[in-house]
Each structure stands twice: as structure tokens, then as C-alpha cells.
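Report on the structure
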Amino acid sequence: MKLNIDYQEKFQSRHIAPNEADTAQMLKAIGVNSLDELISQTIPEKIRLKAPLDLPPAKSEFDYLNTLKQTASKNKVFKSFIGQGYYDVIVPGVIQRNILENPGWYTQYTPYQAEIAQGRLQALLNFQTMVIELTGMEIANASLLDEGTAAAEAMFMQYSTRKNQSANVFFVSEEVFPQTIDILKTRAQPYGIELLIGDHQTVELTDEMFGAIIQYPAGSGAVYNYKSYAEKAHEKAIKLTVVADIMSLVLLTPPGEWGADIVVGSTQRFGVPMGFGGPHAAFFATKEEYKRSIPGRIIGVTIDSAGDYALRMALQTREQHIRRDKATSNICTAQALLAIMAGMYAVYHGPKGVKLIAERIHGLTILLAESLKQLGYDQLNGAYFDTVKFDLGALAGPIHSEAVNNQMNFNYKGSAVTISVDETTSPEDIKTIVRFFARVKGKSLNDVSFDELTQNLKTVIPADLQRKSAYLTHAIFNSHHSEHEMLRYIKSLEAKDLSLCHSMIALGSCTMKLNATTEMVPVTWAEFSKMHPFAPTDQVGGYMQLFDELNKWLSEITGFAAMSLQPNAGAQGEYAGLMVIRAYHNDKGDSHRNIALIPSSAHGTNPASAAMAGMKIVVVRCDDNGNIDVADLKAKADQYKNELSCLMVTYPSTHGVFEESIIEICEIIHANGGQVYMDGANMNAQVGLTSPANIGADVCHLNLHKTFCIPHGGGGPGMGPIGVAKHLVPYLPGHAVVDIDKGKSIHAVSSAPWGSASILVISHAYIAMMGSEGLTNATRYAILNANYIKKRLEHHYPVLYTGANGRCAHEMILDCRAFKNFGIEVTDIAKRLMDYGFHAPTVSFPVAGTVMVEPTESEPKHELDRFCDAMISIRHEIDNVEKGILDKTDNPLKNAPHTASVITANEWEHPYTRQNAAFPLPYVAAFKFWPSVGRVNDTYGDRTLICSCPPLTDYEFEESEVTTPEYGT
Ligand SMILES: *Cc1c(COP(=O)(O)O)cnc(C)c1O
């Protein structure tokens, strides 16, 4: 026997599921001889790449982690006292392992199918309840992308709801964090909002102002009493946004009690790692009266078909997928997983635990301040929570060196320094700091009455700013404080939710592919997770190398000159890309170019983002085959040739087709002075075979949480970096704190310079382990899997739109509109799929009354077959309704999904069997996933909006109701 020691396990054979035999069978079913033949029938020859991607050789999983460890070691994990919106945390182990590192949570999709998403909906409702109670506001969302964008959303909500239409000045306190002000600048520009940045204590409030934003505690750490300021503002009809630190609100009078109209902030320090900038969930809380103007998702309480408690996303008519350019924001992917973690932190610690943590932070800060004062240092802030500001004078240099020697980072500004204490800070750390502050003055710890101070710590928060009101009062925050209880609570919620752990989630346009364990492992390594985004550049070599490599690889994949890794969702990428295009036109003296052509088939984020970028939207028609109507495009490009800014085009189209005319389309736009923005959500059909630059685009975003394996997390996190052609590179986003300026950079679009940096490692891992061949194969197999499903289903459901050779790209639209004739809606099919153990494909996008199916390369033939069997079985059920064999209204489709309690109830009065209802195909019995509630009632919940946890007594049985069951009745 000859032994081969060159064997290296190939990651691509783990990521791409179909094996050789399956592939052969699928090709045969489709009617082609080879994968190459299928691909050449699918992707027009003229847009195919001529050479393979130039990427490093693929690494095995084992080798990748070893190499990455070396990269990671170039990040120096210092103790961070930088603050500025980012604080080190102690992630409770039970939350880290069972949520952050658990595919049962992180591979879930956004909870559009509420009946199989009650767990995360409850967790997000907990988050909203937590935010409402801590801020003292009436209503909260779940959640936004980061503190800076949340502040910008608040500004926009104030602007769009202002009474005085001629007011266009927004006051910004100079003590708001610089990265937040930077984002406000970006957002203000296109609307013509004038920012007045100054001191809230001296600013003159005028009738031109529609709103103001202040920070609590302020950027310097100072805790101001803003009550009279708020009163004065309200007298002038100026609405007030407060950026608040969530931890401080445990000890401080909440903004809701002194006049805030909107409160925003980050929930990072509730148990979410800094991760060099993200991902973290921001919150947005306001008054009831604004409920229809709130950006982002709101979870609301409703009832299900049995009249029982159920949850779902509320007031969706505000959102981009329905309102398009009139939406309250462009938010799609947000930060669900991180909001869930922050909410769980409050559940685990409860009001007492959180208070002890906040008091300890506050106490250690006072200990530090008092000690430094005893040493003769000059403190610049009086009332504070966790941040002290000192003027170091000539000692700034020596202190800085001492801090570095002790592996500590402070926030320096000239001769001043701020030091922020967090949950991980120990009395020992404070002692260390005091010791070297003493040393540089030629003193020692003995010159400070450290122990006496320690024994006599009293708050420095003025009496009228000390919180008196209760918080986290709901039972959910007072029940699960032992680890067993917490573990079981987390698991009980997880068990209600269908994720990729159960079955394929064939969501068209969302690319729910494998999120490999090896890709996820490094995210929680300390070298990545414990880095502050504003850490000094000489400590972040590992991250810089990671970004450099990722930048290079993604540039190669897209064909572009460079990437910006800042936008932290696809929609943010769209906005960033459009702002870059805007800056380019402005720079050339073409500031009048503000028309965005958008095909009618576009995703809702496209028009919503274009509106945010100050563009006017002109819709381009699609023809009967789902392609852009080139004649219409030409006519409109010509009509607006003097004002044309850009075209936004998704490729392959949202109809799942590689349009032959794409090159011509791009040429038309360029000939009329416009730029081409490509929505990269469908990159999974392009990688290695064609590219955005190759088809003629100038900018595109990539949804790293679709094509490049970042998990969807039940609605976020995500990353939406943009790639641009050479002429646009100088305009890529900058940052107010970290210098990433490209020459003519636009202001920031995210709080952190590299967005949700820590999850970039996931995409880095994917590309490194797949290599050129693996990535290209992923695309080929995604197209194979889609065409196999198409083949199996096309005789049962009409497939809308195919390419010239009758092939689909990586996804296809199944038309369900005809079933309406006998009362079956597409929603009925979506809900019925749950009874078969499947999450519905994308419903009614981009065409109402249809579903869009995208299997991805990570699903084996066996799973595709199970899905097709379910769809075919449902089609037979529909036939039976049509033929009258099943009742028109009382049938398994209309009553879907069927819960265990419905199936096992003593009464069963439906004209079909329980077996048919719950176990419609043999394979279902082998592994039954039970929806935890019946069909949710959307209108009921929107009529009486409840978006915090209702009192448990409303829903729980009283103990006396528990009686001995009677048998045989
Ligand atoms: C997912 C998607 C978006 C939005 O991306 P997010 O990351 O969710 O913000 C935009 N366009 C299309 C076609 C998409 O599928």
C-alpha cells in the first residue's frame, strides 16, 4: 500500500454540499452534460471572466486557524480606558456559549415568519422593555446599527416630523462623541440641514432650529443637568435627542424624566465585546406619538389564531420593504443578535446585579479621581459617572509612556486625558494607575490615602440627577439569575426558532449558506474581541493585516480598485456608495446631478438609500421577462441626461436572471454622465465567473452576511463594504477619530472606522479557505442547485423569468398568484411549509404573490429534494382545494401552521386528519419541528401597539387552574 502524506482536507468539500454522485444526478435531471455546460447556458459569454481569480492557495481549516493565530498576535490586547462609546465587558459565559457562539441563534433569519421565530422575538421584546425602562421613554425599537447612525436617525426623525417646515438648523453639542458628529455631518448634507455645533450652555436657541442633540454623560465624562435646557428648547418647539450611556442610566435620572423626546445610544457595554468597533446594537427610544416615524424594526405583541399571546414585527408599513423611498429609514439588516445578547445581560443580572456593576464602575472612577487629586492633578470634570478628565500639563508625555508600559490605553487630547472605567476594571488596576501617576511626580502610593478613600466612596452625582425611579422591574429581569435557570431560559427560546440547524432556509436574495464553525471561532478570540476601535495604530497590526488582505481579495473578486470596509450593512453600503457618487459629481462641479434611476424590481433599500443621499428617484420599467426595459432606460437616461447621477442595478437581477443587456445598460448610463451603482446582494451568482467591474459598474456593495458567510443572526449583524473603481477611491468614507482619509473622503457612515470589524474575520476565513477554485465552485454549485430545484418544481409552479436558455441564476421566482382564484394566498403556502419543517422562501419580493427560492451551494441534493417534496405536496393540497376535495376555508393550508396543542387537543373538528395536518410527508415524522404558536394576527397587534413585555399575569395560568387531568373523555 502506497501512503500519501500530501493529503490536505479541502474546506470547499465541506462548504459545498453536493458530492460527485449527486452532482451527476442533478446535471442529468437538468439535461446538461456538465457543470460547465450549465454555466455557459446561464451566464452570457461576453461578461464571463477570462482568468481565474488571483487569490492565495486555499488553506485547510486547521492551517487557517494556525496562520490566523499569528496574524492575531499582532494585535496587542491592552487594558482599555479609552471609553468614547466603547467599553470592555465581561460577557457572561452562559450568554457567550449559548447565544454568541451557538448556531441555533446565530444562523436564524430575520423573524418575518413569526410563528417559527417566537424565541428571538421574545428576546428582542425583552431588549425593547429594557431600553424603555432604563431610558424612561414610552417606546423603543430593536435595534439600530450603532450609536452614531442612531443619532443620525434621530436627527432625521426630528427633521421629518418638524412643525415649522422652514426650520433647518440642528444644534449639536460639541460634547457629543466626535464619531457621532461625523455621521451627523454626512446625513445632514443631502437634506440641507445646517448643523450648529457648540456649547449647550451658551447657545442661543432660535426659531430656525427644529432639533438638538446632547450627550449624557457628555463626551468629557461630565454629567450635566439638562432639565432647564430641555425646557427652554421645548418653549421654542425644538425637539431634543439625548445620546445616553446605557450603564449610566442605572444611576442617573433617565432622560425620559427630564424632557428628552428621543434617547439613543449603544448597548455594547451590556455584555457585547468591543470587537474593534462592532458589531453592537444601538437603541432608539422615543414617545408614543412618534410610533409611525420610528426607524428600524419594532417588535410588538399580538395574538395567534387560537387567541394566545404571540409576537411579530409591528408597523411594517414604515419600513423600506413597503414604503421604499418614503420609508422612515433604509434599515434592513440591523443588529438582532447583539440586541438579544444585551437584553439577556439584563435578564441574567437583573436590576440588582446591573446596579452593583454600575456602582462598582462609578466607585472605582471616584477612587481614581480622588487619588489623582490628592497627588495634585487637576481634574476638569465635576460630576461624572465612569469617566474622569484631567489636565496633565507637561506630564502628559511621561504619563502616556507609563500607561503604555503598563499595557493601558487612555484617551489623550493635547495635555488633557480622559480615563473611562468599565466592568472589567479592578481596584488593582486603579492602584496601578495611581502608582504611576504618583511616580511621574516623584511621589508614591503612600502619598495617597488609598485605603481610606476606598472605605469612604460616595457618589459624585448631584442629588437631583440620582436615579430614584425603578428599572428592569418586569418579571423577566427578575427570574433567571442562576446559571441553570438562565441556560434553560435561553434554550427554551432557542427551541422555538427554526434556524439552519434544522433545515435549509431558501430565502431568495438573502443567501442563507453555511456559516462554518471554523469561520466563527476567531470572532471571540481576545485578540479580536477585546480591541478598542480607537486603540493606537501600533497595537492593531493584526487587524490591519486582516483588512489589507480582505481589501485585496474583495477587490480582486469585484474587479475594483479598492474597498471601504466601513458600512455595517448592505443598505449602509448603498448609502455610502451613493454618497461617494454624489461627492464625485460635486467635485466635478456637477452638483445638479441628483437623479437616481432605479428599476421597479429593486429591493426597497435602494430607493430608501437614494432618498437618504438626497437623490430624486425615477423608476425604470421591467419587461415581461423581468429584464430592465432597455428602451425605457434609454429614454429616461436621455430625458434626464443633465441631472443623471446614477443607476442602481442589482445583478444578476432580483428576478434571478443574468440580463444579456447589462453591458449596454451601463454604457447608456455612462454616456449620459451617470455612474452605475451595483447592488451586490446577488454576488453569490457572480464570484469567480463575472464581476461588477467586468459588467461596467462603478461602485457596488457586498453583503458579507450573504455571499461571504457572516451569519444572519436573526436580523443582523452584517457587513456591507463597498468596492469602487479607481476614479471614486478618493471619496471613500473617512473617520473623525482614526485617520483613514483618502484625500477627498466623505464623512463617516458608521461609528467605527472599519464598521463591525470583528466579524470581518468570518469572510476573511471563508475566502482564505476556499481559494479561487473553491469560491468559483461555490458560485457554480449555487447555480446548479437552483436549476435543479427549478427542474423539479417548474411543472408544479410556473417559474417567472429565466435567461435566454431557460436557465435561472442562483435563485428563481415561483408564481403562486393563480391560486388566489380558489382562495389560496402565497402566505398560506409560506405558513404551510412550517408544518413540513421548512422556513418559507422570500415571500412577495420582488413580485407580489410569489416566492423566491435560493438554495445556495451549501445544501445537499437530499435536502433540496426534501424541500421540493414539500413544495410538491403542498401543490397537491392546493389542487385538492381547487377540486373541492379539501374545504375552501377549513383546509391544512388556511389553518397552517398547526401547533402541538392544536394537534393534541381533545377536539378536532377539521375535515382533514391530524396526521395530514402535522405529518404530511413520511420524513416529517423522523424530525418534527413544532411551530410554537398558530398563525399570528398582524392587524390585531398593529391596532393596539404593545412593544414591551406585558405583565406576566395577563398570560399565565393561575395555580388553581392546574387540576388532575381526566382520562377517557
Ligand atoms: C439584502 C438585500 C439588501 C439589503 O442589505 P442589508 O444588508 O439587509 O441592509 C439590498 N438589496 C438586496 C437585493 C438585498 O437582497
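Residues numbered from 1 in each chain as written. Predicted model: local features only at pLDDT ≥ 70, side-chain atom pairs only at ≥ 80, totals over all residues. Heavy atoms only, no water.

Digging into the overall build of the chain
Per the secondary structure count, the chain includes 31 helices and 26 strands. The C-alpha radius of gyration of the chain comes to 28 Å, within 12% of the 30 Å expected for a compact globule of 969 residues. Along the three orthogonal principal directions, the C-alpha set of the chain runs to about 90 × 80 × 80 Å. Considering the chain as a whole, with its 969 residues, one finds that 64% of them fall into the buried category. Within the chain, contacts between residues at least 6 apart in sequence are counted, and of these 77% link residues at least 24 apart. Charged side chains of the chain number 83 positive and 106 negative; the gap between the two group centres comes to 2 Å. (Helix = DSSP H or I, 4+ residues; strand = E, 2+ residues; numbered from the N terminus. Rg over C-alpha atoms; globule rule 2.2 N^0.38 Å. Buried < 20%, exposed > 50% of the residue type's maximum accessible area, 1.4 Å probe, protein only. Contact = heavy atoms within 4.5 Å. Lys, Arg positive; Asp, Glu negative; His and termini not counted. Charge placed at Lys NZ, Arg CZ, Asp CG, Glu CD.)

Digging into the environment of His705
Its place among the elements puts His705 in the loop between strand E21 (699-701) and strand E22 (722-724). Residue class for His705 comes out buried when judged on its relative accessible area of 1%. Here the alpha-carbon distance between His705 and Ile340, two residues 365 residues apart in the chain, equals 18 Å. Beyond its immediate stretch of four places on either side in the chain, His705 contacts Thr333, Cys510, Thr511, Ala569, Gly570, Ile710, Pro711, His712, Pro717, Gly718 and Met719. For His705, the side chain forms a polar contact with the side chain of Thr333, separated by 3.3 Å. (Polar contact = N/O pair within 3.5 Å; in protein donor to acceptor, adjacent residues only side chain to side chain.)

Some words on helix H21 (residues 605-612)
H21 sits mainly inside the fold: eight of its eight residues count as buried. Backbone geometry just after H21 places Gly614 at a positive phi near 75°.

Quick notes on the state of the cysteines
Inspection of the entire model under this criterion finds zero disulfides. Looking at the unpaired Cys332, the closest cysteine sulfur is the one in Cys510, lying at 7.1 Å. Here Cys947 is not cross-linked by a disulfide; its sulfur's nearest cysteine counterpart is in Cys949, at 10 Å. The class for Cys947 is buried, based on a relative accessible area of 5%. (Disulfide = S-S within 2.5 Å.)

Thoughts on the sheet that holds strand E26 (residues 850-853)
Taken in spatial order, the four strands of this open sheet run E23-E24-E26-E25, and their pairing is antiparallel. Among the strands making up the open sheet, the edge pair consists of strand E23 (799-800) and strand E25 (842-843). Both E25 and E26 contribute to a ladder of two bridges, which runs antiparallel. When the bridges of E26 are listed, Val843 appears paired with Val851. Across the sheet, helix H25 (residues 760-793) lies against E23, strand E24 (812-815) and E26, angled at about 20° from E24, the strand it touches most. (Pairing = 2+ DSSP bridges. Axes fitted to C-alpha atoms, helices over the stretch in contact; angles between N-to-C directions.)

Description of the UniProt feature "domain: Glycine dehydrogenase C-terminal" (unreviewed entry) in the chain
With numbering aligned to this structure, UniProt lists the feature "domain: Glycine dehydrogenase C-terminal" (unreviewed entry) at residues 778-898. Annotation note: span residues 778-898, helix share 40%, strand share 10%, distance between end C-alpha atoms 36 Å. (UniProt positions renumbered as here; feature names shortened; annotations may be inferred.)

As for the site of the ligand
With respect to spatial proximity, 14 residues lie near the ligand, and among them Thr333, Ser509, Asp679, His705 and Lys706 are the closest. Measuring from a nitrogen atom of the ligand, one finds a side-chain N or O atom of Asp679 at 2.6 Å. A distance of 2.8 Å separates an oxygen atom of the ligand from a polar side-chain atom of Lys706. Its free accessible area being 380 Å², the ligand has 98% of it covered by the protein chains. Of all the elements, helix H20 (residues 570-587) adds the most residues to the shell around the ligand, at three residues. Residues belonging to the shell around the ligand are distributed by class as follows: four nonpolar, seven polar and three charged. (Near = heavy atom within 4 Å. Areas by Shrake-Rupley, 256 points an atom, 1.4 Å probe, with all protein chains shown as cover. Nonpolar A, V, L, I, M, F, W, Y, C, P; charged D, E, K, R; others polar.)

With respect to the pairing of strand E12 (residues 387-391)
Relative to E12, strand E11 (residues 378-379) runs antiparallel, the two being bridged by two bridges. Considered in E12, the bridge of Asp378 is made with Asp391. Looking at chain direction, E12 and strand E15 (residues 416-420) are connected through five bridges and run antiparallel. Within the sheet, the bridge partner assigned to Val388 lies in E15 and is Ile419.

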